[in-house]
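Structural description and commentary
Residue-level listing of the chains:
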Amino acid sequence: MTSHHPAAVIILAAGQGTRMKSSIPKVLQRIGGRSLVGHAMYAARQVGPQHLAVVVRHEREQVAAHVTEIDPGAIVADQDEVPGTGRACECGLAALPPELTGTVLVTMGDVPLLSGETLRELTRVHEERGSAVTLLSAVVEDAGTYGRVVRDADGELAEIMEFKDARRRREEGDPDYAHVVDIREFNSGIYAFDVEVLRRALDQVGRANEQGEKYLTDVIKIARQEGRPVVAHPLADLMQTEGVNDKVQLAALGKELNRRIVEQHMRDGVIVVDPDTTWIDADVSIGQDTVIRPGTQLLGATTIGAEVTIGPDSTVSDCEVGDRARVVRTQAEHAQIGADTTVGPFSYLRPGTVLMERGKIGGFVETKNAEIGPGAKVPHLTYCGDATIGEGANIGAGTIFANYDGVTKHHTTVGRHSFVGSDSVLVAPVDIADGAYVAAGSTIEGRVEPGQIAVARARQRNIDGWVARRRAGTPTAAAAEQASGATDPGTGIPEGSSDDTTAQED
């Protein structure tokens with residue numbers, strides 16, 4: 001089977017996008033975990049071009065920096081003050097090697113659903129038919145303000161007429177163009193060109209039109225005049241041609257993109273309980289037989305293993321989750337969750353969290369820059385930051401890793417198979433050795449050696465008669481009197497007791 005790879009892809013991303021009403025450039029708006037131009041660049045790379053050029057102008061520095069960040073091999077081309085898609089393409093072409101030959105694809109930076117597969121098909125049709133120009137078209141009930149595909153009597157592509165020009169000609173009574181406004185087939189703005197034809201035609205394109213712009217569509221008319229074949233290739237999947245101009249369209253295409261992503265994961269063997277409440281970014285990978293429960297978001301470059309359960313009501317962003325893990329009602333960011341682990345409910349895994357195989361992060365636990373060893377457990381109501389917890393260790397409920405002194409973050413180490421009792425505070429830097437214990441309610445400031453138990457809490461004092469004296473007449477006093485049996489009628493103190501204090505060692 002012949003593999004069709006274009007010599008170059010030019011992405012037009014220079015527009016201002018005023019209808020977006022945003023301080024963020026239109027092509028940097030995001031859906032599915034990528035910018036709009038990021039989606040365009042990803043699709044372009046799927047066809048394996050020799051060169052990829054992105055034409056920029058509005059908010060040039062922001063857009064150019066983003067392009068270079070996500071694809072250092074891409075060429076950034078600057079459009080000058082001459083308006084129009086033809087001029088933008090001309091600037092992109094000028095940034096490519098002058099000796100370039102073959103097919104050049106031209107796409108747009110605001111068409112996020114366009115796929116690499118569609119671009120491969122466009123390249124194939126273009127090259128197999130020996131066309132000078134091939135464009136993607138689509139047929140709709142109302143083509144709105146899109147450029148119309150005008151065909152000749154034989155059904156071949158004659159020209160592309162912009163809507164405003166077609167409307168003006170009809171208003172002027174031009175009989176040859178009266179019908180153009182009503183044409184339902186429109187130009188998507190996505191093309192394959194023979195690069196030599198494109199260079200030569202762009203030199204001839206003028207700006208005598210309603211917009212005063214240099215139209216890329218005029219290349220088609222020029223190629224026809226030269227006797228070169230031009231083709232309009234209809235695309236059945238209309239949504240791939242949809243552009244984004246405002247936030248309403250951004251949301252609509254984001255929803256459609258998500259629907260396609262979720263559907264593909266299900267076809268690949270993932271169980272999605274409720275697709276309508278599940279959001280999965282484009283770069284997420286998920287293993288077979290993983291269950292995604294309602295209200296779950298899998299974002300960024302997240303990787304999920306096989307037979308995992310995620311959700312309900314969980315957000316996992318830029319994380320690695322191992323096979324058979326269970327993550328319930330959890331917020332996790334830039335974390336590693338090992339195989340056969342459990343997380344949640346109501347857990348917050350902040351960046352730098354590493355939960356190794358068979359480990360547990362339980363309910364109402366927050367972790368950050370914490371490595372939790374194989375089989376180790378942080379079950380409940382704990383803050384664990386800047387810590388290393390060894391294999392098989394257990395952290396009791398309500399433990400606080402006091403890692404910050406107001407200036408510097410400090411580290412805590414809990415050794416293998418050690419035990420930290422509930423309601424303890426570990427004041428970093430501190431080192432609890434392998435096989436050590438910390439008694440419940442302790443505040444630990446120094447090293448605990450292997451085999452030791454650290455007890456750091458005040459002695460217990462029980463003061464007899466305190467309730468009778470200080471809370472007389474309350475339900476508590478009545479309950480105490482009933483529970484204590486006989487009392488001294490003069491003092492309310494149980495007979496045989498004194499008003500002294502007793503101390504009990506831990």
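Scroll up for the structure.
Keep in mind the model is a prediction, meaning the values are calculated, not measured. (Residues numbered from 1 in each chain as written. Predicted model: local features only at pLDDT ≥ 70, side-chain atom pairs only at ≥ 80, totals over all residues. Heavy atoms only, no water.)

**Brief notes about the layout of surface pockets**
The condition is simple: Think of a 1 Å grid over just the protein atoms. A cavity is a set of points where a 1.4 Å probe fits yet cannot get out, a pocket is an open set with protein on both sides within 12 Å along at least five of seven lines, and lining residues have an atom within 4 Å of a point. Grid points are joined across faces, edges and corners, and a volume is the space filled by probe spheres set on the points. A helix here means a DSSP run of H or I that spans at least four residues, while a strand means a run of E at least two residues long, and both kinds are numbered starting from the N terminus. Gly counts as polar in this scheme, as do all residues outside two lists: the nonpolar Ala, Val, Leu, Ile, Met, Phe, Trp, Tyr, Cys and Pro, and the charged Asp, Glu, Lys and Arg.
Put simply, the largest pocket is a space of about 1400 Å³. Lining the largest pocket are 42 residues, with Arg 19, Thr 85, Met 108, Glu 213 and Asn 245 positioned closest to its centre. Secondary structure elements with two or more residues in the lining of the largest pocket: α3 (85–94), α5 (163–171) and β10 (185–194). Looking at the lining of the largest pocket, its residues break down into 14 nonpolar, 19 polar and nine charged. In this structure, the second largest pocket occupies an estimated 660 Å³ of space. Forming the walls of the second largest pocket are 25 residues, and the residues nearest its centre are Tyr 42, Ser 115, Leu 257, Arg 260 and Ile 261. Taken together, the elements giving at least two residues each to the lining of the second largest pocket come down to α1 (36–45), α4 (116–128) and α8 (247–267). Counted by class, the lining of the second largest pocket contains nine nonpolar, seven polar and nine charged residues.

**A look at the packing of α3 against helix α6 (residues 195–204)**
Quick note on the threshold: Comment: axis = line fitted to C-alpha atoms, over the contacting stretch for helices; angle = value between 0 and 180 degrees taken between N-to-C directions. These descriptions rest on fixed angle ranges, namely under 35 degrees for roughly parallel, over 145 for roughly antiparallel, 65 to 115 for roughly perpendicular, and the rest for oblique. By definition, turning the near helix anticlockwise from the far helix through less than a right angle yields a left-handed crossing, and turning it clockwise yields a right-handed one. The contact rule is simple, with two residues in contact once any of their heavy atoms fall within 4.5 Å.
Across the interface, α3 lies against α6 with an axial gap of 11 Å and an inter-helix angle of 125 degrees. Considered as vectors, α3 and α6 are oriented oblique to each other. As for the relative orientation of α3 and α6, their crossing is left-handed in sense. Taking contact as the criterion, the partners of Gly 86, Cys 89, Glu 90 and Leu 93 in α3 are, on α6, Val 195, Leu 198, Arg 199, Leu 202 and Asp 203.

**Considering the pairing of strand β30 (residues 383–389)**
Condition: For every residue, the accessible area (1.4 Å probe, protein chains only) is compared with the maximum for its type, and the residue is labelled buried under 20%, exposed over 50%, or partly exposed between those bounds. Paired strands, in this sense, are two strands between which DSSP finds at least two bridges.
For β30, a buried count of six out of seven residues is recorded, marking the element as mostly surrounded by other parts of the structure. Both β30 and strand β33 (residues 412–414) contribute to a ladder of three bridges, which runs parallel. When the bridges of β33 are listed, Thr 388 appears paired with Thr 413.

**Quick notes on the pattern of salt bridges**
Here is the rule we go by: What makes a salt bridge here is a side-chain nitrogen of Lys or Arg within 4 Å of a carboxyl oxygen of Asp or Glu, nothing more.
Throughout the structure, instances matching the rule amount to 24 salt bridges. Ionic pairing is found between Glu 185 and Arg 151, a salt bridge with its closest N-O pair at 2.9 Å. Placement of Glu 185 in strand β10 and of Arg 151 in strand β8 (residues 148–151) is noted, with a sequence separation of 34 residues between them. The buried category is assigned to Glu 185, whose relative accessible area is 12%. Two residues, Asp 431 and Arg 447, come together in a salt bridge whose shortest N-O distance is 2.5 Å. Of this pair, Asp 431 sits in strand β36 (residues 430–432) while Arg 447 sits in the loop between β38 (443–444) and β39 (453–454), and the two are 16 residues apart along the sequence. One network of salt bridges, with partners in common, ties together Asp 237, Glu 256, Arg 259, Arg 260, Glu 263 and Arg 267.

**Side note on the state of the cysteines**
The cut-off we apply is this: In this description, the term disulfide denotes a pair of cysteine sulfurs within 2.5 Å.
Overall, the coordinates contain zero disulfides when judged by the stated rule. The thiol of Cys 319 is not disulfide-bonded; the next cysteine sulfur, from Cys 384, is found 16 Å away. On the basis of relative accessible area, Cys 384 is assigned to the buried category, the value being 0%.

**Observations concerning the environment of Thr 101**
Mapped onto the secondary structure, Thr 101 falls in the loop between α3 and β6 (103–108). Thr 101 has contacts with Ala 7, Val 195 and Glu 196, leaving out every residue within four places of it along the chain.

**With respect to the packing of aromatic side chains**
Counted only if it meets this: Between 30 and 60 degrees the pair is tilted, below 30 it is stacked and above 60 it is edge-to-face, where a pair is any two Phe, Tyr or Trp rings, Trp via its six-membered ring, whose centres lie within 6.5 Å. Over a ring means this: the NZ of a Lys or the CZ of an Arg is within 6 Å of the ring centre and within 35 degrees of the ring normal.
Taken as a whole and judged by the stated rule, the model has three aromatic pairs. Ring centres of Phe 346 and Phe 364 lie 5.1 Å apart, and the angle between their planes is 20 degrees; on these two criteria the pair is classed as stacked. Here Phe 346 is found in the loop between β24 (342–343) and β25 (347–349), whereas its partner Phe 364 is found in the loop between β27 (360–363) and β28 (366–372), with 18 residues between them in sequence. Relative to Tyr 437, the ring of Phe 419 lies with its centre 5.1 Å away and its plane at 25 degrees, an arrangement referred to as stacked. Taken together, the residues span a long stretch of sequence, with Phe 419 in strand β34 (residues 419–420) and Tyr 437 in strand β37 (residues 437–438) at a distance of 18 residues. Residue Phe 419 is classed as partly exposed on the basis of its relative accessible area, which comes to 31%. What makes Tyr 437 partly exposed here is its relative accessible area of 43%. Between Arg 34 and the ring centre of Tyr 42, over which it is positioned, the NZ or CZ distance is 3.9 Å. Against the face of Tyr 404 rests Lys 409, its NZ or CZ located 5.5 Å from the ring centre.

**Observations concerning the side chain of Ser 314**
For clarity, the cut-off: Pairs of N or O atoms within 3.5 Å make up the polar contacts considered here, provided that, within protein, one atom can donate a hydrogen while the other can accept it, and that residues adjacent in sequence are counted only when both atoms are side-chain atoms.
Inspection of the secondary structure assignment puts Ser 314 in the loop between β18 (309–310) and β19 (315–317). Within the local environment of Ser 314, its side chain forms a polar contact with the backbone nitrogen of Arg 329, the two atoms lying 2.9 Å apart. A polar contact of 3.1 Å, which involves the side chain of Ser 314, links it to the backbone nitrogen of Thr 330. When residues no more than four places from it in sequence are discounted, the contact partners of Ser 314 are Gly 295, Thr 296, Gln 297, Val 327, Val 328, Arg 329 and Thr 330.

**Description of the nonpolar core**
Short version of the rule: Only buried residues count toward a nonpolar core. Its members are Ala, Val, Leu, Ile, Met, Phe, Trp, Tyr and Cys residues joined through side-chain atoms within 4.5 Å.
Core analysis: the biggest nonpolar cluster contains 53 residues, and Leu 298, Ile 310, Val 321, Ile 389 and Val 414 have the highest contact counts within it. Broken down by secondary-structure element, the contributors of at least two residues to this core are α8, β28, β30 and β36. If we ignore the near neighbours within four places in the chain, the residues touching Leu 298 are Trp 279, Ile 280, Asp 281, Val 284, Ile 286, Ile 292, Ile 304, Ile 310 and Val 316. Core analysis: the next-biggest nonpolar cluster, separate from the first, contains 36 residues, Ile 160, Leu 198, Ile 220 and Val 230 among them.

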